[in-house]
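Summary of the model geometry
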Amino acid sequence: MKGWYLTLNPVDFFADQLSPAALARIYQTTPQWVVARLRAQRFRQVVKYVSRHSEFYRQAFQDRGIDPAKVRTPADLGDFYTMPEDIIADPKAFICRAPNIVFESSGTSGKNKQIYYDQHELSQIAQIDAAGLRVMGLRSTDRVANAFDFSMWIPGMLVHNALMRTRCFCMAFGKVDPLEVYRRLKQYEFNVIMGEPTWLIRLTELAEEHGSVPMKLLIGGAEEMPREAIGWMNRVWQGAKVRMCYGSVELGSGLGYQPCDEPDVYHLDDTDFYSEIIEPDSGGLGELVFTTLRRTVMPLVRYRMRDITRLIPEPCPCGLKGMRMSRLRGRRDELIVASGGNLYPLLFENILRRVEGLTHDWQVVFKLDGLRELMEINVESLRTDDQQVRRDIQQQMRLQYPDLTKNLDIGIFDLCVVLHPPGSLRHDRKLKRMIDQRHDYSDAAAVSAAPGSKEAAHAG
Ligand SMILES: [Zn+2]
């Protein structure tokens with residue numbers, strides 16, 4: 001009876017039979033204390049289950065002296081986390097029962113991450129995602145163009161399965177040339193389009209140029225939507241709502257959905273995942289960690305997503321209760337703890353895009369000046385008033401990130417802005433946005449000595 005442990009839960013058995021509309025209603029109306037109890041109970045079950053059936057977890061718990069029977073909450077696991085590298089190293093050690101399908105996500109090391117599911121889980125994922133789409137406003141009367149990718153990692157197929165559950169009308173495009181979808185908008189009377197943000201942006205450009213039709217919903221995922229794009233899309237598509245969902249190959253179904261107009265937040269699925277933030281800074285920002293609560297083939301316990309975000313326990317003004325999560329602030333591997341806080345590329349992007357006359361290329365280098373920390377912001381400037389550029393950057397920092405400015409004011413770090421001529425920062429296709437030279441000088445590819453750099457000057 002290997003593997004039946006989790007599926008015997010009567011609540012799950014009941015949930016599997018529900019329509020997306022009914023499940024969505026339950027998500028929206030279940031009292032939070034019931035959700036918390038269910039989550040806690042499922043967490044204990046998962047820990048026991050993986051310790052019996054997964055070689056990786058059995059070994060890891062044994063090595064750390066963790067008794068699965070005594071684990072009540074994630075905190076009882078101490079500093080144990082599942083790392084993406086653990087899966088890459090030996091995916092088979094995670095498998096608890098026979099899978100039917102494998103998905104791969106690209107790894108940065110060249111080795112791909114394998115995630116396994118079975119048929120029952122796929123059907124469960126379809127149902128959860130269908131309920132998520134329902135919460136975001138999708139109805140059975142809608143006509144959907146699904147342009148999520150159908151390749152080795154899963155969004156296209158999973159979305160397609162979910163759409164089948166919602167009983168709407170759809171076309172499974174895959175990530176084709178946006179022009180192909182644009183040409184068929186009128187023919188099939190689509191009123192909902194789903195795809196990656198960059199793809200949706202390209203489609204919207206086509207619509208802006210050649211004429212648009214009224215659209216009800218644009219649903220994005222897999223990466224964040226630039227803030228400025230949302231109002232523009234809404235205008236071009238004659239009132240379309242732009243909604244995002246947050247998922248990954250490891251999560252399977254979406255963890256977060258945007259059902260309301262509250263900007264920059266996701267409502268989380270608290271019954272299928274146990275979300276935590278580890279090593280949060282004073283503002284609550286840290287790395288997202290989740291435990292899958294209903295998987296039986298390859299459950300993941302405290303999996304580190306590498307994404308930086310913040311959990312928001314306060315209820316949403318839209319009336320929905322439950323945990324929310326802020327827009328992603330970057331990747332853990334891009335995060336640098338410096339200048340008295342957790343710094344990530346988006347923070348500097350937000351500051352610099354509000355300063356006029358700069359190109360899109362920039363790089364921040366953290367150095368030590370004696371014992372003192374120095375934040376060196378390298379930008380490409382089209383302007384001639386260098387001192388004013390420096391003042392503008394500082395002013396934006398002050399406006400948007402008062403905590404960071406406070407640390408500057410009280411002398412936790414020094415700030416220096418180096419101006420470069422346009423086109424001089426980027427030597428490769430990819431420009432590393434943040435470089436930490438404080439403790440390891442070996443891997444430094446800093447641009448501060450780039451040819452043509454104007455003189456460095458301490459801002460302010
Ligand atoms: Zn809301």
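Just so it is clear, the structure is predicted and the values come from calculations on it, not from any experiment. Within any chain, residue numbers begin from 1 and follow the written order of that chain's sequence. For a predicted model such as this one, the threshold for reporting local features is a pLDDT of at least 70, and the threshold for listing and counting side-chain atom pairs is 80 or more; totals across whole chains, interfaces and linings nevertheless cover every residue. As a rule here, side-chain values cover all heavy atoms of the structure and leave hydrogens and water aside.

Secondary structure elements follow DSSP: runs of H or I no shorter than four residues count as helices, runs of E no shorter than two count as strands, and numbering proceeds from the N terminus. Given the number of residues in a helix, its expected span is that number minus one, multiplied by 1.5 Å. With 14 residues, helix α10 (residues 197–210) extends 20 Å from end C-alpha to end C-alpha; this agrees with the ideal 20 Å at 1.5 Å per step. Contacts are assigned to residue pairs that have any heavy atoms within 4.5 Å of one another. The inward-facing, buried residues of α10 abut α9 (178–188), β5 (192–195), β6 (217–221), α11 (227–236) and β7 (241–246). One or two residues past the end of α10 sits Gly-211, with phi positive at roughly 110 degrees.

For the zinc ion, the protein coordination sphere consists of Cys-260 (SG), His-267 (NE2), Cys-316 (SG) and Cys-318 (SG), at 2.2 to 2.4 Å. Each metal site lists N, O and S donors within 2.8 Å (3.2 Å for Na, K and Ca). With water left out of the atoms, a site can look as if it is missing ligands. Geometry is assigned from donor-metal-donor angles: four donors are tetrahedral when every angle falls between 85 and 135 degrees, four are square planar and six octahedral when opposite donors sit over 155 degrees apart with all other angles between 65 and 115, and any other arrangement is irregular. Classification of the site at the zinc ion rests on its four donor atoms, whose angles at the metal span 101 to 114 degrees, yielding the label tetrahedral. All donors to the zinc ion come from one chain, and their sequence spacing reads C-x6-H-x48-C-x1-C. A residue pair is termed long-range when its members are at least 10 positions apart, and His-267 in strand β9 (residues 265–268) and Cys-316 in the loop between β13 (311–312) and β14 (324–326) qualify at 49 residues. As far as burial versus exposure is concerned, His-267 and Cys-316 are alike and both buried. Type-normalised accessible area, obtained with a 1.4 Å probe on protein chains alone, sets the label of each residue: buried when under 20%, exposed when over 50%, and partly exposed for intermediate values.

Let us now look at the sheet that holds β9. At least two bridges found by DSSP between two strands is the condition for calling them paired. Spatially, nine strands are ordered β4-β3-β5-β6-β7-β8-β9-β14-β13 in an open sheet, and the strand pairing comes out mixed. The sheet terminates laterally at β4 (169–172) and β13, the two strands that pair on one side only. The sheet contact formed by strand β3 (residues 143–146) and β4 spans four bridges and is parallel. Counterpart to Val-144 in the pairing with β4 is Cys-170. Axes here mean lines fitted to C-alpha atoms, for a helix over just the part in contact, with angles spanning 0 to 180 degrees between N-to-C directions. Where α9 meets the sheet, it contacts β3, β4 and β5, and its direction lies at approximately 160 degrees from that of β4.

For any pair of aromatic rings, geometry is given as the distance between the ring centres together with the angle between the planes. A pair of Phe, Tyr and Trp rings is counted when the ring centres sit within 6.5 Å of each other, with Trp represented by its six-membered ring. The angle between the planes then sorts it: under 30 degrees is stacked, over 60 is edge-to-face, the rest tilted. Evaluation of the coordinates by the stated rule reveals 15 aromatic pairs. Between Phe-43 and Tyr-274, the ring centres sit 5.3 Å apart and the planes meet at 65 degrees, which makes this aromatic pair edge-to-face. A residue pair is termed long-range when its members are at least 10 positions apart, and Phe-43 in helix α4 (residues 32–53) and Tyr-274 in strand β10 (residues 273–278) qualify at 231 residues. Grouping residues by exposure puts Phe-43 and Tyr-274 together as buried. Judged by centre distance (4.3 Å) and plane angle (20 degrees), the ring pair of Phe-56 and Phe-94 falls under stacked.

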